[in-house]
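Fold and geometry: a report
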Amino acid sequence: MAARPVLKMGDPLLLSRAVELEAFGTSALDSLLQDMRDTMLAQHGAGLAAPQIGVPLRVVIFGFESSPRYPDAKPVPYTELVNPVLTFLGEEQEDGWEGCLSVPGLRGLVPRYQRLRYEGFDPQGVRIDRTVDGFHARVVQHEVDHLDGILFPRRIRDLTRFGYTDTLFPGRVMQDD
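Residues numbered from 1 in each chain as written. Predicted model: local features only at pLDDT ≥ 70, side-chain atom pairs only at ≥ 80, totals over all residues. Heavy atoms only, no water.

1. Examining the pattern of salt bridges
Selection criterion: By convention in these notes, a salt bridge is any Lys or Arg side-chain nitrogen within 4 Å of a carboxyl oxygen on Asp or Glu. Secondary structure elements are taken from DSSP: a helix is a run of H or I of four residues or more, a strand is a run of E of two residues or more, and numbering for both begins at the N terminus.
A complete count under the given rule lists 13 salt bridges for this structure. For arginine 17, the salt bridge is made with glutamate 20, and the minimal N-O distance between the two is 3.1 Å. With a shortest N-O distance of 3.8 Å, aspartate 148 and arginine 17 are connected by a salt bridge. Residue aspartate 148 is located in the loop between helix 2 (134-147) and strand 8 (162-164), and its partner arginine 17 is located in the segment before helix 1 (27-43); the two are separated by 131 residues in the primary sequence.

2. A closer look at the sheet that holds strand 5 (residues 103-113)
Condition: Strands are labelled as partners when DSSP assigns at least two bridges between them. Between N-to-C directions, angles span 0 to 180 degrees; the directions come from axes that are lines fitted to C-alpha atoms, helices contributing only their stretch in contact. By the convention used here, residues are in contact when the closest approach between their heavy atoms is within 4.5 Å.
With respect to topology, three strands assemble into an open sheet ordered 4-5-8, the strand pairing being antiparallel. Because the sheet does not close on itself, it has two edges, and the strands there are strand 4 (93-100) and strand 8. Taken pair by pair, the neighbouring strands of this sheet meet at an average axis angle of 20°, ignoring direction. Summarising the sheet, strand 4 and strand 5 pair through seven bridges and their orientation is antiparallel. Across the sheet, glycine 96 pairs through a bridge with valine 110, a residue of strand 5. Lying over the sheet, helix 2 contacts strand 4 and strand 5, oriented at roughly 60° with respect to strand 4.

What follows is the structure, given as structure tokens:
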């Protein structure tokens, strides 16, 4: 188990829809999740999708107590989510600054639904069903987008609000994206 290289924007695998996982509780899934955890921690990420490390499966992880990449964000409970399905609760969206391990050094102002329900399974196949809002909802949407071949720059409505982190936020100390 080890941190793996993160694929960067332009890699064709990041543009493809990932496939559903069919077998739960396997050593292969355990190994994948360990590599994902190691990679997310090494990169100080808020979340990671399996396609970002070259595995085209519908598996995401996310969560942190505090994040050097999002210093103002409230904690998000660590979650391993397989075959997620999102249901947006209401039409209300909020713009928020996002970065991505696959789009290093760049941030953009991205609209996301403020409240949603996510369903799926844990690694053993136990059903997960949660209703969340705020940054937690933003992180889930960002990671599930990866499973559908969508990187956050495609969600930006105003490209004048997209640029290099150190230029957009001069003097602010943030972990590099």
